[in-house]
Amino acid sequence: MSAPPAANSPETVRGLQERAARALPAEHVEDVDGWWLRHAPNCSWWAGTVLPHGDAEPGRLVHRVVEAENFYARHGATARFQISPPACPDGLDAVLAERGYRRQSAVSLQVASTARVLEQVPTRSLRVRLDDSPTRAWFEIWCAASDHGDSRAEWDMLARVEPPGAYACAMSGDDVVAVGRAVADTGWAGVFGMATLPRARGRGAARDVLAALAGWAGTHDADGMYLQVERANLPALRLYERTGFREMCGFHYRTAT
């Protein structure tokens, strides 16, 4: 495929977010007229949110929301929606706000051509090991350097990923100091699980992981790369800007109170 499009068309945004959902597969998923209702018990909460990608007439929005709420009630879970204005029905955010849903977690969906990432990243300073499945060392560093859900549930979630993936470990001697993973899916490679131990931050470890993942993406017919990063994470935003990523759109979540 060609370089990622600059326009944040609804089809492109939906496609990327659905690829991300396949890279973070929930335990239970129901597709109700284009709305992905996802339940991921004990995993990071964002893996169990609604992707409201099917169009809905304004008069039907409340009905669609109630259907989703019933799904989460059956599973004993809190209803949450991922709100991306280019990809979800007009008026949904306002409907959820009127129903008392709390807004949280502003996120940036960013894209880059794989070739540009490789051009922007300098020669790696650390050795990076790539595996096609998560190793215990990878998982332990990811858990130690990040704040996510129950470790058993997260390990099970990784076992559900169907598209090909790469798990990168940046090595300082024999020690793993930073990790990340990529998932290749129909021309795109998503970047997930980027984490660096505090003692290794500021030394280019995350950049080296990203370079290795971009190299892997290029060998798996993924001409475009995407990632999702919280807008409050300024160090990560600076890293991704320096390596060629640009925002396609922003999104946020709405959580039932």
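What comes next is a walk through the structure. Computed from a predicted model, the values in this text were never measured in an experiment. (Residues numbered from 1 in each chain as written. Predicted model: local features only at pLDDT ≥ 70, side-chain atom pairs only at ≥ 80, totals over all residues. Heavy atoms only, no water.)

### Here's the deal with the packing of helix H5 (residues 136–145) against helix H6 (residues 151–159)
Working step 1: Two numbers describe how H5 lies on H6: the axes approach to 12 Å, and their chain directions differ by 130 degrees. It follows that H5 is oblique to H6 by the angle criterion. Where H5 crosses over H6, the handedness of that crossing is right-handed. Of the residues in H6, those touching H5 at Arg-136, Trp-138, Phe-139, Trp-142 and Cys-143 are Ser-151, Glu-154, Trp-155 and Leu-158.
Working step 2: Residue composition of the contact of H5 with H6, grouped by class: six nonpolar, one polar and two charged. (Axes fitted to C-alpha atoms, helices over the stretch in contact; angles between N-to-C directions. Helix = DSSP H or I, 4+ residues; strand = E, 2+ residues; numbered from the N terminus. Parallel < 35°, antiparallel > 145°, perpendicular 65-115°, else oblique. Left-handed = near helix turned anticlockwise from the far one by under 90°. Contact = heavy atoms within 4.5 Å. Nonpolar A, V, L, I, M, F, W, Y, C, P; charged D, E, K, R; others polar.)

### A look at unusual backbone geometry
Comment: phi is negative for the bulk of residues other than glycine, and the bulk of peptide bonds are trans.
Working step 1: Positioned with a positive phi, Asp-33 is a non-glycine residue whose angle comes to about 55 degrees.
Working step 2: Looking at the secondary structure, you find Asp-33 in the loop between strand S1 (28–32) and strand S2 (35–39).
Working step 3: Taking relative accessible area as the criterion, Asp-33 reaches 62% and is therefore assigned exposed. (Buried < 20%, exposed > 50% of the residue type's maximum accessible area, 1.4 Å probe, protein only.)

### Section: helix H2 (residues 61–74)
Working step 1: The terminal C-alpha atoms of H2, which comprises 14 residues, lie 20 Å apart, in line with the 20 Å expected from a rise of 1.5 Å per residue.
Working step 2: Within the span of H2, buried status applies to Leu-61, Arg-64, Val-65, Ala-68, Phe-71 and Tyr-72. End-on, the buried residues of H2 take up no more than an arc of 115 degrees, which puts them together on one face. Pointing more than 90 degrees away from the buried face of H2 are the exposed residues Ala-73 and Arg-74.
Working step 3: Buried positions along H2 lie against S1, S2, strand S4 (80–83) and helix H3 (92–98). (Expected span 1.5 Å × (residues − 1). Arc of directions from axis to C-beta.)

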